[in-house]
Amino acid sequence: MTLHFPDDLVRAQRDWLVTYQQLAVPRPRRMTALRRRLLDLSSRIQWHPFWSTPSGRTPAARVELRRLAHRQEQRERRAA
C-alpha cells in the first residue's frame, strides 16, 4: 500500500516514536514532560483531518503511517 501522508502527520508520528523511546529507558529524565508530549502527539495523530479522507479511513493506513515513520527514523539514525 502506497499512501501519501501529510508532512505534519508523518512528523507527529516520528516525534511520537522518539518520545516513546525516550520514555522506554529506565528512569527517564523529565518523565512528566515526556508523558504530556506523548499524550499531545497522540491526540494530534488521532484527530488529524487525514483520517477523514477516503485514503485514511482504513486501518491499514494507520499501520502504514507507523511503518513509514519508523523507516524514516531508522534512516535518520544511521545517517547521524
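Residues numbered from 1 in each chain as written. Predicted model: local features only at pLDDT ≥ 70, side-chain atom pairs only at ≥ 80, totals over all residues. Heavy atoms only, no water.

> Please clarify how the pattern of salt bridges should be interpreted in this entry.
Opposite charge on two side chains permits pairing when their charged atoms draw close. Considering all chains together, one arrives at six salt bridges under this definition. A salt bridge links Arg14 to Glu73, with the nearest nitrogen and oxygen atoms 3.5 Å apart. Residue Arg14 is found in helix H1 (residues 7-24), and its partner Glu73 is found in helix H3 (residues 59-79); the two are separated by 59 residues along the sequence. Taking relative accessible area as the criterion, Glu73 reaches 10% and is therefore assigned buried. Residues joined by salt bridges that share partners form a network here, namely Arg14, Glu73, Glu76 and Arg77. (Salt bridge = Lys/Arg side-chain N within 4 Å of Asp/Glu carboxyl O. Helix = DSSP H or I, 4+ residues; strand = E, 2+ residues; numbered from the N terminus. Buried < 20%, exposed > 50% of the residue type's maximum accessible area, 1.4 Å probe, protein only.)

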